[in-house]
Amino acid sequence: MGLIVQKFGGTSVADAGRIRHVAGIIAETYKAGNDVIVVLSAQGDTTDDLIEKAEEINPQASKRELDMLLSTGEQISVALCAMALQSMGLPAVSLTAWQVGIQTNQTYSDARIRKIAKERIRAELDKRKIVIVTGFQGVNAYGDVTTLGRGGSDTSAVALAAAFHADLCQIYTDVDGVYTADPRIVPNARKLPEITYADMLELASQGAQVLHNRSVELAKKYHVNMEVVSSMERVPGTKVKEVVKVEKTNIGGVAKETNFARLSLVGLEDCPGVAFKVFSLLSRNHVNVDIILQSVGRSGSKDISFTCPMSSLEDTHRLLEENRDALGYDTVEVDDNVAKISLVGAGMMTHVGVASDMFEALYDAGINIQMIATSEIRISVLVSKDDANRAIKVVHDKFFDDEE
Ligand code: ADP
Ligand code: ASP
Ligand code: MG
């Protein structure tokens, strides 16, 4: 007996049948004597559909109004789920983030949770109610609804688990755990019984959408006992924790990210201070730069390439064009047909040959590497988007195929 937070994603609550099924899982947890806080996402493709609706009306809609609109998807789910539980004779109450008091910073569409007021949920739990909270949203200091970024319901769940010192935070989804690569792209990917917060954070940050990266960050910070499990079948999932049993390799998995573009400044002067000028301009304008590549200077000129999120591509391109004279380059090239494939695993850089094995796999498949970035815990390569799925498969198979 304890306090359990259970989060169900969009596919898991997609229609009436699924909501009833989810209500069954919640009921079982509750009847076992636990206090239960449930966090839900919007049903199925609701969030995408709402974005489309907004685009029909005003493609330049303000982020405040977008948040106001997108937050409605989760409100539908929680009300329906409470109704399903009530129809089973169980006491359930649905609450929006606003009713709970999930306070965030001001940033619409990408807000961070600052504080969670505990009184309302505590009072409901004390009455032995099942509390069902909207994921993905909060309220800022102006009293406006904010959203936490796509996939943010995971973060709502972990934040609630941390605030209430839950014994367990279960993330129920449409796969039965965290795999060594997205099982929808790499069918022979392996399910990991457990994964460290560090590897999971890196995988999530590099595009493995199974968990919102900030949910993992929070879980690590507040030592939340977290697991990813299937809402469809009863099989053991993946535990996300501080330390795991050492695996044969130090590779956690492979991830793919496509939601960004590469920009190249061609013909910059080859002298001190140029990179500083470029990246201080970008940082002053809050451009989130990822991989950077500078060519070796030749005949007094050099090129600098970098990647940035697709959402800031237009603004970044304009910014560079506006500052052409100040930066002193010839042309700016944009390529949005790119993908980043990342191999992730703590301490793998200390294992000689990991990078070379990864590059060999890509070479054998005839895939050209456009940029490379490495850290203690990952090696990322930029490839053409057309090669992305093949690249993730061959890199995955190089490291996991002979492991069985
Ligand atoms: P939910 O709606 O439940 O939040 P998401 O679609 O956000 O679900 O995340 C689950 C999806 O994440 C899976 O369907 C799977 O395709 C994808 N995914 C990407 N990388 C991985 C991975 N390494 N392990 C498991 N699933 C992954
Ligand atoms: N409904 C939101 C989204 O689609 C949040 C989530 O599902 O986690 O991004
Ligand atoms: Mg998700």
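Before any of the text, the structure's been laid out above.
Residues numbered from 1 in each chain as written. Chains lettered and ligands numbered in written order. Predicted model: local features only at pLDDT ≥ 70, side-chain atom pairs only at ≥ 80, totals over all residues. Heavy atoms only, no water.

(A) Summary view of the overall build of the protein chain. Helices and strands together make up the secondary structure of the protein chain, namely 13 helices and 20 strands. For 404 residues, the compact-globule formula gives about 22 Å, and the C-alpha radius of gyration of the protein chain, at 23 Å, lands near that figure. Out of the 404 residues in the protein chain, the part that is buried amounts to 51%. Side chains of the protein chain give 42 positive and 55 negative charges; the mean places of these two sets differ by 6 Å. (Helix = DSSP H or I, 4+ residues; strand = E, 2+ residues; numbered from the N terminus. Rg over C-alpha atoms; globule rule 2.2 N^0.38 Å. Buried < 20%, exposed > 50% of the residue type's maximum accessible area, 1.4 Å probe, protein only. Lys, Arg positive; Asp, Glu negative; His and termini not counted. Charge placed at Lys NZ, Arg CZ, Asp CG, Glu CD.)

(B) Quick peek at the packing of helix H1 (residues 16-31) against helix H3 (residues 63-87). For the pair H1 and H3, interaxial distance at closest approach is 9 Å and the crossing angle is 65°. When you trace H1 past H3, the crossing you get is right-handed. Residue-level contacts link Ile-19, Ala-23, Ile-26 and Ala-27 of H1 to Leu-80, Cys-81, Ala-84 and Leu-85 of H3. The residue inventory of the contact of H1 with H3, partitioned by class, reads eight nonpolar, no polar and no charged. (Axes fitted to C-alpha atoms, helices over the stretch in contact; angles between N-to-C directions. Left-handed = near helix turned anticlockwise from the far one by under 90°. Contact = heavy atoms within 4.5 Å. Nonpolar A, V, L, I, M, F, W, Y, C, P; charged D, E, K, R; others polar.)

(C) Looking closely at helix H2 (residues 46-57). Taking 1.5 Å as the rise per residue, H2 with twelve residues should run 16 Å; its terminal C-alpha atoms sit 17 Å apart, in good agreement. Every buried residue of H2 is accounted for by Thr-47, Leu-50 and Ala-54. The arc that holds every buried residue of H2, seen down its axis, measures 60°, which confines them to one face. Summarising the contacts, the buried residues of H2 are in contact with H3. (Expected span 1.5 Å × (residues − 1). Arc of directions from axis to C-beta.)

(D) Spotlight on the sheet that holds strand S1 (residues 3-8). In spatial order, the strands read S3-S6-S2-S1-S9-S11-S12-S10; together these eight strands make up an open sheet with mixed pairing. The sheet terminates laterally at strand S3 (92-95) and strand S10 (194-196), the two strands that pair on one side only. Across the sheet, the axes of successive neighbouring strands diverge by a mean angle of 20°, strand direction being ignored. As paired strands, strand S9 (residues 168-173) and strand S11 (residues 226-230) are joined by five bridges and run parallel to one another. (Pairing = 2+ DSSP bridges.)

(E) Structural detail: unusual backbone geometry. With phi around 50°, His-165 is a residue other than glycine that occupies positive phi space. When you line up the elements, His-165 lands in the loop between helix H6 (153-163) and S9. The exposure class of His-165 is exposed, given its relative accessible area of 68%. Phi at His-286 takes a positive value of approximately 60°, unusual for a residue other than glycine. Within the secondary structure layout, His-286 lies in the loop between helix H9 (274-284) and strand S15 (292-294). Overall, the relative accessible area of 72% leaves His-286 in the exposed class.

(F) Highlighting the site of ligand 2. The full set of residues close to ligand 2 is Ser-41, Ala-42, Thr-47, Glu-74, Phe-136, Arg-150, Gly-151, Gly-152 and Ser-153. The contact in question runs from an oxygen atom of ligand 2 to an N or O atom on the side chain of Arg-150, over 2.7 Å. Coverage of ligand 2 by the protein amounts to 87% of the 260 Å² it exposes when considered alone. Split into classes, the residues belonging to the shell around ligand 2 amount to two nonpolar, five polar and two charged. (Near = heavy atom within 4 Å. Polar contact = N/O pair within 3.5 Å; in protein donor to acceptor, adjacent residues only side chain to side chain. Areas by Shrake-Rupley, 256 points an atom, 1.4 Å probe, with all protein chains shown as cover.)

(G) A look at a nonpolar patch on the surface. A contiguous nonpolar patch, built from Ile-76, Leu-80 and Met-83 and spanning about 260 Å² of accessible area, is present on the exposed surface. Its location among the elements puts Met-83 in helix H3. (Patch = residues over 30% accessible without salt bridge, like charges linked within 9 Å, V, L, I, M, F, W, Y side chains within 5 Å. Salt bridge = Lys/Arg side-chain N within 4 Å of Asp/Glu carboxyl O.)

(H) A look at the sheet that holds strand S19 (residues 371-374). The strand order S13-S18-S20-S19 describes an open sheet built from four strands, whose pairing is antiparallel. Only two strands of the sheet have a single neighbouring strand rather than two, namely strand S13 (253-257) and S19. Across the sheet, the axes of successive neighbouring strands diverge by a mean angle of 20°, strand direction being ignored. Sheet analysis places S19 next to strand S20 (residues 378-384), joined by four bridges and oriented antiparallel. Across the sheet, the residue bridging to Ile-372 is Val-381, located in S20. In the packing of helix H7 (residues 197-205) onto the sheet, contacts are made with S13, strand S18 (338-344) and S20, and the angle to S13 comes to roughly 25°.

(I) Local environment of a negative patch on the surface. A surface patch of negative charge is lined by Asp-45, Asp-49, Glu-52, Glu-55 and Glu-56. Tracing the sequence through the fold places Glu-55 in helix H2. Looking at Glu-55, the relative accessible area reads 49%, which means it is partly exposed.

(J) How the structure looks around helix H5 (residues 119-126). Within the span of H5, buried status applies to Ile-121, Glu-124 and Leu-125. Projected down its long axis, H5 carries its buried residues within an arc of 100°, all on one side. Exposed and facing more than 90 degrees away from the buried side of H5 are Glu-119 and Asp-126. Tucked into the core, H5 has its buried residues touching S1, strand S2 (35-40), S3, helix H4 (97-100), strand S6 (130-134) and H6. A positive backbone phi angle near 65° is found at Arg-128, which sits one or two residues after H5.

(K) Focus on the environment of Lys-385. Tracing the backbone through its elements, the reader meets Lys-385 in the loop between S20 and helix H13 (388-400). Using a relative accessible area of 31% as the deciding quantity, one classes Lys-385 as partly exposed. Each C-alpha atom of the pair Lys-385 and Thr-180 lies 20 Å from the other, and the pair is 205 residues apart in sequence.

(L) Focus on the packing of aromatic side chains. In this structure the tally under the stated criterion is two aromatic pairs. Summarising the aromatic geometry, the rings of Phe-8 and Tyr-172 are spaced 4.6 Å apart at their centres and angled 15° between planes, so their arrangement reads as stacked. With Phe-8 in strand S1 and Tyr-172 in strand S9, this residue pair connects regions lying 164 residues apart in the sequence. With respect to class, Phe-8 is no different from Tyr-172; both count as buried. On the basis of an interplanar angle of 75° and a centroid distance of 5.8 Å, the ring pair of Phe-279 and Phe-306 is categorised as edge-to-face. Note that Phe-279 is positioned in helix H9 and Phe-306 in strand S16 (residues 301-309), a separation of 27 residues in sequence. Across the pair, Phe-306 and Phe-279 agree in class, each one buried. The ring of Tyr-30 is capped by Arg-128, whose NZ or CZ atom sits 4.0 Å from the centre of that ring. Over the ring of Phe-260 we find Lys-340, and its NZ or CZ is 5.6 Å from the ring centre. (Phe/Tyr/Trp six-rings, centres within 6.5 Å; stacked < 30°, edge-to-face > 60°. Lys NZ or Arg CZ within 6 Å of the ring centre and 35° of its normal.)

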